[in-house]
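Geometric and topological summary
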Amino acid sequence: MALHQNLIAGEWVGGDAIANINPSDTNDVVGEYARGSAQDMQDAIAAAKAAFPAWSRSGILERHAILKKTADEILARKDELGALLSREEGKTLAEGIGETIRAAQIFDFFAGEALRLAGETLPSVRPGIGIEITRDPLGVIGIITPWNFPIAIPAWKIAPALCYGNTVVFKPAELVPGCAWAIVDILNRAGLPKGVLNLVMGKGSVVGQVMLDSPLLSGITFTGSTGTGKRVALASVEHNRKYQLEMGGKNPMVVLDDADLANAVEACVNGSFFSTGQRCTASSRLIVTEGIHDRFVAAVTERLNGLVIDNALKAGTHIGPVVDASQMKQDEDYIEIGQKEGAKLVSGGERLNRETPGFYLKPALFTEATNQMRISREEIFGPVASVIRVKDYDEALATANDTTFGLSAGICTTSLKHATHFKRNVEAGMVMVNVATAGVDFHVPFGGRKGSSFGSREQGKYAAEFYTSVKTSYTLA
Ligand SMILES: NC(=O)C1=CN([C@@H]2O[C@H](COP(=O)(O)OP(=O)(O)OC[C@H]3O[C@@H](n4cnc5c(N)ncnc54)[C@H](OP(=O)(O)O)[C@@H]3O)[C@@H](O)[C@H]2O)C=CC1
Ligand SMILES: O=C(O)CCC(=O)C(=O)O
């Protein structure tokens, strides 16, 4: 099997091989990928630093053309790349293709943004002086990505970084090197000059740590766990560089008595369990008022019983496997903790055997949960959700906000008054009314508050805030 190598200073460079395993079929090796060394990361950072002056002054047409070409190739290969994604991460094929299309749309969006770079001119308070406000690229950007969105998250970090004239060192999660390698290969062939984009696959504790400790990076953008996010923050403060963190969530979905029941069930099942619940935007706390509670639980349970949990690549599968053995253990541990805490497991929670050996877990639904239980406070990151019964809207809102996280929040209601009040008062970066908490658009800001995020927003034109530095120039003409 050919080794997929790291890209450093425009050259493909080898390293120890690590097998990429399919979570739907652990006998299936998706490919062999290089595990970079600390020296590889140092070389990649040096290459990105050397490439920065020329790339930061490159023409907008060149940047536009490379990003557009990348978008076009990703879109043309959506079925193949979507299948690779499903094979290495365990999302269903439909979800894998959907995410691949989203990555193409992101590159397309930033190809357009390259042509829309703009500044402002203002008069000075001192007559005769003019003021220009412009945005400079930051420099070398370190990109660290998680395993749960192996193509979309790298796309929404790499595309704006390049669009605004930065050079990049990209360290993807070790579990999903396939999609990372594929998009770097596409960008490289699309004509990026040597050193502008460097890929260093390898262990977070080795190559990731070298990135955090390097004084040569001007910014690090990170998505992943709260623990690693804190390390990124501490190291970035030490080096006085910009950083942006997207971490976990414990996202609430409120269901009020006046909700359209069928729509609420769809939004909750999708938000809690699709993509195997492995989304930072997943709704893991379903906060339901008394009048609809029993009907809601019965309808969600019925819907869950009708879902097919199987090999992600198989036609008809609704939910694929958990990503690996360690995430499976985490999910099962929390299912046990929930039962010990006194919540009632009304559906799922057991391992399933399928034709191919994989990490199959039947979606778990708890009822009689309280917001103080660990299953309601800590991110599980699997197909596990708890129903918390509340008296009325006021208690629902207070419960929704009683969390250390603040990424996404939803409400299912036909009341304009409650929807409007919720949008204004819920402590989250993204609010969904009658829509699942997970599954966001590619052209609008993404990010949260409290323990979920730090720094400016990702995606859409708001991404410029992180990837550029504002300059104010005064000219006496
Ligand atoms: N979007 C989100 O909010 C996500 C949240 N999570 C949460 O995190 C939990 C654990 O997932 P996990 O993948 O282990 O998350 P991590 O935070 O460990 O991994 C995220 C990224 O950080 C890298 N990394 C790990 N250690 C370091 C380090 N010391 N310096 C620099 N980079 C490092 C990882 O590399 P490597 O893969 O090589 O370890 C990976 O690329 C999940 O169960 C879930 O709760 C996970 C993924 C996404
Ligand atoms: O819900 C989405 O579409 C995006 C979720 C996400 O970015 C994440 O889980 O890391």
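Since we're looking at a predicted model, the values are computed, not measured. (Residues numbered from 1 in each chain as written. Chains lettered and ligands numbered in written order. Predicted model: local features only at pLDDT ≥ 70, side-chain atom pairs only at ≥ 80, totals over all residues. Heavy atoms only, no water.)

1. Quick word on the domain arrangement of the protein
Per the domain assignment, the segments of the protein are domain 1 (3–247 + 452–476) and domain 2 (252–433). Contacts between domain 1 and domain 2 engage 24 residues on the former and 28 residues on the latter. Summed over both partners, the interface of domain 1 with domain 2 buries about 2000 Å², with 58% contributed by carbon and sulfur atoms. A per-residue breakdown of the area domain 1 buries against domain 2 is headed by Ser 24, Trp 147 and Ser 452, which together make up 26% of the total. On the surface where domain 1 and domain 2 come into contact, there are 0 salt bridges. Run the count over domain 1 and domain 2 and you get 10 residue pairs in polar contact (both at pLDDT 80 or more). (Domains from an automatic or database assignment. Contact = heavy atoms within 4.5 Å. Buried area = accessible area lost by both parts, 1.4 Å probe. Salt bridge = Lys/Arg side-chain N within 4 Å of Asp/Glu carboxyl O. Polar contact = N/O pair within 3.5 Å; in protein donor to acceptor, adjacent residues only side chain to side chain.)

2. Some thoughts on the UniProt feature "active site" (unreviewed entry) in the protein
Under the feature "active site" (unreviewed entry), the UniProt entry names Glu 246. For Glu 246, the position within the fold is in strand β12 (residues 242–246). Taking relative accessible area as the criterion, Glu 246 reaches 2% and is therefore assigned buried. Ignoring sequence-local partners within four residues, the contact set of Glu 246 consists of Phe 222, Thr 223, Gly 224, Leu 407, Phe 446, Gly 447, Gly 448, Ser 452, Ser 453 and Glu 458. (UniProt positions renumbered as here; feature names shortened; annotations may be inferred. Helix = DSSP H or I, 4+ residues; strand = E, 2+ residues; numbered from the N terminus. Buried < 20%, exposed > 50% of the residue type's maximum accessible area, 1.4 Å probe, protein only.)

3. A closer look at the pattern of salt bridges
Going through the model one piece at a time under the given rule, you end up with 27 salt bridges. With its nearest N and O atoms 3.3 Å apart, the salt bridge here joins Asp 108 to Lys 68. Taken as a pair, Asp 108 in helix α4 (residues 93–114) and Lys 68 in helix α2 (residues 60–76) lie far apart in primary sequence, 40 residues in all. Residue classification places Lys 68 among the partly exposed positions, given a relative accessible area of 29%. Of the charged contacts in the structure, one is a salt bridge between Glu 332 and Arg 351, with a shortest N-O distance of 2.9 Å.

4. A word on the site of ligand 2
As a structural note, the neighbourhood of ligand 2 is formed by Arg 102, Asn 148, Phe 149, Ile 153, Trp 156, Arg 279, Cys 280, Thr 281, Ala 438, Gly 439, Val 440 and Phe 446. Within the side chain of Thr 281, a nitrogen or oxygen atom sits 2.5 Å from an oxygen atom of ligand 2. The contact in question runs from an oxygen atom of ligand 2 to an N or O atom on the backbone of Gly 439, over 2.8 Å. For ligand 2, the accessible surface in isolation is 290 Å², of which the surrounding protein chains cover 99%. (Near = heavy atom within 4 Å. Areas by Shrake-Rupley, 256 points an atom, 1.4 Å probe, with all protein chains shown as cover.)

5. Thoughts on the sheet that holds strand β14 (residues 283–289)
Judged by pairing direction, the sheet is mixed, and its 7 strands sit side by side in the order β15-β18-β19-β14-β13-β20-β21 without closing on themselves. The two strands at the open ends of the sheet, each matched to only one other strand, are β15 (344–347) and β21 (430–433). On average, each strand axis in the sheet is inclined to that of its neighbour by 25°, with strand direction left out of account. Bridging between strand β18 (residues 364–367) and strand β19 (residues 384–390) involves 3 bridges; their strand directions are parallel. Residue pairing for β19: Phe 366 is matched across the bridge by Ser 386. Taken strand by strand, helix α10 (residues 290–305) contacts β13 (251–255), β14, β15, β18 and β19, and its axis lies near 140° from that of β14. The sheet contacts of helix α13 (residues 393–401) involve β13, β14, β19 and β20 (408–412), and relative to β14 the element is tilted by about 165°. (Pairing = 2+ DSSP bridges. Axes fitted to C-alpha atoms, helices over the stretch in contact; angles between N-to-C directions.)

6. Looking at α10
Residues spaced three or four apart along an α-helix face the same direction, because each turn holds 3.6 residues. In this model α10 runs 23 Å from its N-terminal to its C-terminal C-alpha over 16 residues, within 8% of the 22 Å that 1.5 Å per residue would give. Along α10, the sharpest kink reaches roughly 25°, centred on Phe 296. Every buried residue of α10 is accounted for by Ile 292, His 293, Phe 296, Val 297, Val 300, Thr 301 and Leu 304. Each element contacted by the buried residues of α10 is listed here: β13, α9 (261–273), β14, β15, β18 and β19. (Expected span 1.5 Å × (residues − 1). Bend = angle between axes of the 7 residues up to and from the residue.)

7. Digging into the UniProt feature "domain: Aldehyde dehydrogenase" (unreviewed entry) in the protein
Here the UniProt-annotated "domain: Aldehyde dehydrogenase" (unreviewed entry) positions come out as residues 15–472. From the first C-alpha to the last, residues 15–472 spans 45 Å; its make-up is 42% helix and 22% strand.

8. Considering the site of ligand 1
Around ligand 1 lies a shell of 28 residues, among which Thr 145, Gly 204, Ser 225, Thr 228 and Met 247 are the nearest. With respect to ligand 1, the side chain of Thr 228 contributes an N or O atom lying 2.9 Å from an oxygen atom. Arg 231 places a side-chain nitrogen or oxygen 3.4 Å from a nitrogen atom of ligand 1. Out of a free accessible area of 870 Å², ligand 1 has 84% covered by protein chains. Top element by residues in the shell around ligand 1 is helix α7 (residues 204–213). It accounts for 4 residues.

9. A few points about α2
In this model, α2 (17 residues) spans 24 Å end to end at C-alpha, consistent with the 24 Å of a helix rising 1.5 Å per residue. Those residues of α2 that fall on the buried side of the exposure criterion are Arg 63, His 64, Ile 66, Leu 67, Thr 70, Ala 71 and Ile 74.

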